[in-house]
Amino acid sequence: MASVLITGGAGFIGSHTCVVLLEAGHELVVLDDFSNSSPVALERAQLLGGGSIRCVRGDIRDPACLNAIFANAQAADTPIEAVIHFAGLKAVGESVAEPLRYWDVNLCGSRTLVAAMDAHHCRTLVFSSTSTIYGEPTRFPLVETMAPAPIHPYAQSKWAVEQLLNALAATGSWRIANLRYFNPVGAHPSGQIGEDPLGIPNNLFPFITQIAAGRLESLRVFGNDYPTHDGTGIRDYLHVMDLAEAHAHALDHLLSAAPETALTLNLGTGQGLSVLDVVHGFEQATGISILYSICARRPGDVPRLECSPQLAEQTLGWTAKRSLADMCRDGWAWQSANPHGYRR
Ligand code: NAD
Ligand code: UFG
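What you see is a predicted model, and the numbers here were worked out from it, not measured in a lab.

Here is what the cut-offs are and how they apply
- Residues numbered from 1 in each chain as written.
- Chains lettered and ligands numbered in written order.
- Predicted model: local features only at pLDDT ≥ 70, side-chain atom pairs only at ≥ 80, totals over all residues.
- Heavy atoms only, no water.
- Helix = DSSP H or I, 4+ residues; strand = E, 2+ residues; numbered from the N terminus.
- Rg over C-alpha atoms; globule rule 2.2 N^0.38 Å.
- Buried < 20%, exposed > 50% of the residue type's maximum accessible area, 1.4 Å probe, protein only.
- Contact = heavy atoms within 4.5 Å.
- Lys, Arg positive; Asp, Glu negative; His and termini not counted.
- Charge placed at Lys NZ, Arg CZ, Asp CG, Glu CD.
- Near = heavy atom within 4 Å.
- Polar contact = N/O pair within 3.5 Å; in protein donor to acceptor, adjacent residues only side chain to side chain.
- Areas by Shrake-Rupley, 256 points an atom, 1.4 Å probe, with all protein chains shown as cover.
- Nonpolar A, V, L, I, M, F, W, Y, C, P; charged D, E, K, R; others polar.

This paragraph deals with the overall build of the protein. Of the regular secondary structure elements, the protein holds eleven helices and 13 strands. For the protein, the C-alpha radius of gyration of 19 Å lies close to 20 Å, the compact-globule estimate for 344 residues. Structurally, the protein occupies a C-alpha span of about 55 × 45 × 40 Å along its principal axes. Split into buried and exposed, the 344 residues of the protein put 56% on the buried side. The contacts in the protein between residues at least 6 apart in sequence include a share of 81% that link residues at least 24 apart. Each charge class in the protein can be summarised by its mean position, and for the 23 positive and 33 negative side chains these summaries are 3 Å apart.

Structural data, given as structure tokens:
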């Protein structure tokens, strides 16, 4: 079992990953500034995972904070052996409006992190990348050998970090996994932790669950004139618990891999679903009707993102196991038990 630093561990994907890693017996330190999350998520993750998390409130761009985390762990004879790096900003539209902030947190934050890791001889890192680095592809399914063509500052900053990490791996002493997430949704089946966006959700799935909870009226479906089976946009949605489990697999894989390992893996189901497929899937799984209207396309959206998850399966022995019905049932269990998220 390893001692692992989880940056952004209080967030949506981070909190679910903490549960899975605690269940596997790992020792966890979480660094989070709680700019988009709540400490309550970590309290609940500890209860669900059956272990304790050392939590540090701090900014990923603060070298003193990072150096203290590594030095304190070394002094306590539990040196950090690996890092899973979730901390970052993720809203595409916001990244177009505030590119400097996105480059600062996502790229400079990652650079600060790897410099602190290097100084403390911790050179094993799992990184949160994104399917949006493929840009607006026309060939499917997406495979990792296709050239990234990011079209907004969010995806550009993630691709820049991947390149930095690949360059580190090429020096011969780092073990890196760039994990390209497709669209994680749902929640832990207990309904205790889940996605808790600040303000009105940008993303489809929390928008739907908040309509079901009576917090929002009606969904705007952004476009029904895409070249897809029903005209609405297609994404590769996967259950957040499947994604969390992929991190445990990636961590185990890296910890026993040779230095100079650089993995880049798509994480999705391989089954694209349209906006209306998700709406109707939610209605079927929960028995709740979702009011919607068709609106204009959202600027920056692409028609389709759908991956081949084969390389992840071959490399890690991981596949997404949970269905759309599971995603909807578990997402609704979270939202109905916590209609206002962690803010009660
Ligand atoms: P999230 O916002 O819920 O989690 C990110 C966490 O990082 C939050 O707890 C936030 O408080 C923290 N954070 C942000 N800036 C920080 C800073 N400067 N210093 C320290 N902590 C900071 O997001 P998420 O959905 O859990 O995503 C996690 C990672 O995965 C992100 O890097 C995101 O870009 C990436 N990703 C997410 C998705 C998705 O659809 N959710 C898809 C692809 C990639
Ligand atoms: N959509 C609507 N109405 C809404 C919200 C979304 O019709 O109110 C549609 C979008 O047009 C798109 C689909 O639902 O066709 C999915 O949109 P999301 O906003 O849920 O997700 P995106 O694929 O745009 O982006 C998300 C995250 C990114 C991440 C990416 C990974 O916002 O951070 O998934 O694929 F990188």
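Now that the structure is up, let's keep going.
On to the site of ligand 1. The environment of ligand 1 is formed by 28 residues, the closest being Asp32, Asn36, Ser37, Lys90 and Lys158. Within the backbone of Gly11, one N or O atom sits 3.2 Å away from an oxygen atom of ligand 1. Ser35 is positioned such that a nitrogen or oxygen atom in its backbone is 3.1 Å from an oxygen atom of ligand 1. Burial of ligand 1 by the protein chains amounts to 95% of its free accessible area of 820 Å². Elements with a minimum of two residues in the shell around ligand 1: helix 1 (12-23), strand 5 (124-130) and helix 6 (153-170). No other element matches the three residues that strand 5 contributes to the shell around ligand 1. Here the shell around ligand 1 is built from residues that sort into 13 nonpolar, ten polar and five charged.

With that settled, consider unusual backbone geometry. Trans is the common state for peptide bonds, and a negative phi is the common state for residues other than glycine. Residue Pro141 is bonded to the preceding Phe140 through a cis peptide linkage, with omega at 0 degrees. Mapped onto the elements of the fold, Pro141 is located in the loop between strand 5 and helix 6. Even without a glycine there, the phi angle at His121 is positive, about 60 degrees. Residue classification places His121 among the exposed residues on the basis of a relative accessible area of 60%. Positive phi, normally seen in glycine, also occurs at Glu260, with a value near 70 degrees. Within the fold, Glu260 resides in the loop between helix 8 (240-255) and strand 11 (261-267).

These values are about where atoms sit, not about what they do.
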